[in-house]
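Observations on the three-dimensional arrangement
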Amino acid sequence: MKKIRIILGIIISLAVVVAGSFFWVKQVNDSNLSFIKSGYVIKSSNIENNEDKTSRYYFNDETTYKNSVDNNVVFNDLENNKVKVSKESFLHYDDSSIGTLKKSVIIELHSIINKRNVYYNFFENQVLYKDGDSYYVEHLNDKLKFENFIIKVSENKYMVVFKNVNLNIDDTNKKIENNYLEITFKDKGIVRIENQEYSFQSVAEKIEMIFDDDLKLNLKDKSFYKGEEKLLQLDQITIDKDDNI
């Protein structure tokens, strides 16, 4: 009986040591995270009249950040203000490259038109490098190139990158070239669209995006259309799909 108690004591002690080591390693790893490049992140926040305000918080390639337990990231911006942003945020680097704070997925718009939906995994430690009119991500010993595409970070957060788009919102048309738009689906059918220049918010049924080749993104039912044909729903874009590249 005494031997059993001794053995159990040893097992419990080892378990405590292993758990403590894991916690310490995790703390060290979290405290050593830093941004790959200098840039900014977009954040929307409520103000007194219940409207959303868009802010940009800047960081450099030496800025460290920590993951918090509430699915956020915390860092000090270039003005030394403590900033908390969602892990679903996009990173916009000074050289126009793109990053994310969590695993996401990319699909090119032309593959949606051609009904050959190919999904590319994109991880938080990767960079979508800007290269002229296109982007590329390093994959194994090659470069995967993208031009017009959409990135999905979560069911409610996306970003489209494009050469041309006609944005129809609240009966107003705005043509935007060589840019990006972040799309956030909020409560009660509200959608927020923003980039470094623009910030729009309206009910989803009043917003439509028309890209090259007459590809349309209907935000009311979260679907891409070619004419009247529904090609792909945003819900069908899967981040952890087994055959993602």
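Residues numbered from 1 in each chain as written. Predicted model: local features only at pLDDT ≥ 70, side-chain atom pairs only at ≥ 80, totals over all residues. Heavy atoms only, no water.

1. Observations concerning the sheet that holds strand β5 (residues 82-86)
Across the sheet, which stays open at both edges, the 3 strands sit in the order β3-β4-β5 with antiparallel pairing between neighbours. In the strand order of this sheet, the two ends are held by β3 (65-67) and β5, each with one partner. On average, each strand axis in the sheet is inclined to that of its neighbour by 25°, with strand direction left out of account. Bridging between β3 and strand β4 (residues 72-76) involves 3 bridges; their strand directions are antiparallel. Counterpart to tyrosine 65 in the pairing with β4 is phenylalanine 75. (Pairing = 2+ DSSP bridges. Helix = DSSP H or I, 4+ residues; strand = E, 2+ residues; numbered from the N terminus. Axes fitted to C-alpha atoms, helices over the stretch in contact; angles between N-to-C directions.)

2. Re the pattern of salt bridges
Evaluation of the coordinates by the stated rule reveals 10 salt bridges. As a salt-bridge pair, glutamate 155 and lysine 152 come within 3.1 Å of each other at their nearest N and O atoms. Looking at glutamate 155, the relative accessible area reads 42%, which means it is partly exposed. (Salt bridge = Lys/Arg side-chain N within 4 Å of Asp/Glu carboxyl O. Buried < 20%, exposed > 50% of the residue type's maximum accessible area, 1.4 Å probe, protein only.)

3. Details of the sheet that holds strand β10 (residues 129-131)
Hydrogen bonds along the backbone pair up the strands of a sheet, which may run parallel or antiparallel. Sheet architecture is open: 3 strands sit in the order β10-β11-β12, paired in antiparallel fashion. Each of the sheet's edge strands pairs with one partner strand only, and the pair in question is β10 and β12 (142-146). Across the sheet, the mean angle separating the axes of adjacent strands is 40° when strand polarity is ignored. Note that strand β11 (residues 134-139) and β12 share 5 bridges and pair antiparallel. In the strand pairing of β12, glutamate 138 is matched with lysine 143.

4. Here's the deal with the confidence of the model for the protein
On average, residues of the protein score 87 in pLDDT, and 84% of them are at 70 or above. For residues 15-29, every residue scores under 50 in pLDDT, and the model assigns this stretch 0 contacts once sequence neighbours within four places are set aside. (pLDDT = per-residue confidence, 0-100. Contact = heavy atoms within 4.5 Å.)

5. Notes on the nonpolar core
Grouped together as the largest cluster of nonpolar side chains are 32 residues, with contacts concentrated most on Met209 and Phe211. Among the secondary structure elements, those contributing two or more residues to this core are β8 (104-108), α2 (109-113), β14 (157-169), β15 (172-185), β16 (190-194), β18 (207-211), β19 (215-218) and β21 (229-233). Per-element tally for this core: the top contributor is β14, with 6 residues. For methionine 209, the contacting residues outside a window of four places in its chain are Val160, Val165, Asn166, Leu167, Leu181, Ile183, Ile193, Leu215, Lys216 and Leu217. (Core = buried A, V, L, I, M, F, W, Y, C linked by side-chain atoms within 4.5 Å.)

6. So, the layout of surface pockets
Taken as a whole, the second largest pocket spans an internal volume of roughly 310 Å³. Forming the boundary of the second largest pocket are 20 residues, of which Ser96, Lys130, Tyr135, Asn178 and Tyr180 lie nearest the centre. Counting only elements with at least two residues in the lining of the second largest pocket, the list comes to β6 (90-93), β14 and β15. (1 Å grid on protein atoms, 1.4 Å probe; cavity = no way out; pocket = protein on both sides within 12 Å on 5 of 7 lines; lining within 4 Å. Points joined across faces, edges and corners; volume = space filled by probe spheres on them.)

7. Quick look at the environment of lysine 230
With respect to the element layout, lysine 230 can be found in strand β21. Measuring from C-alpha to C-alpha, the distance between lysine 230 and lysine 216 comes to 9.4 Å, with 14 residues separating the pair along the chain. Look past the residues within four positions of lysine 230 in its chain and what remains in contact with it is Asp221, Ser223, Phe224 and Tyr225.

8. Things to note about the pairing of β4
Across the 5 residues of β4, 4 count as buried, placing the element largely inside the fold. Taking the residues that link successive antiparallel strands as the turn, the β3-β4 hairpin has 4 residues, and the phi of asparagine 71 there is positive, at about 65°. One ladder, built from 5 bridges, connects β4 with β5; its direction is antiparallel. Looking at the pairing, valine 74 lines up with lysine 84 of β5.

9. Structural notes on unusual backbone geometry
Notably, serine 96 is not glycine yet its phi reads approximately 75°, a positive angle. Relative to the elements of secondary structure, serine 96 occurs in the loop between β6 and β7 (98-100). In this structure serine 96 comes out as partly exposed when scored by relative accessible area, which is 39%.

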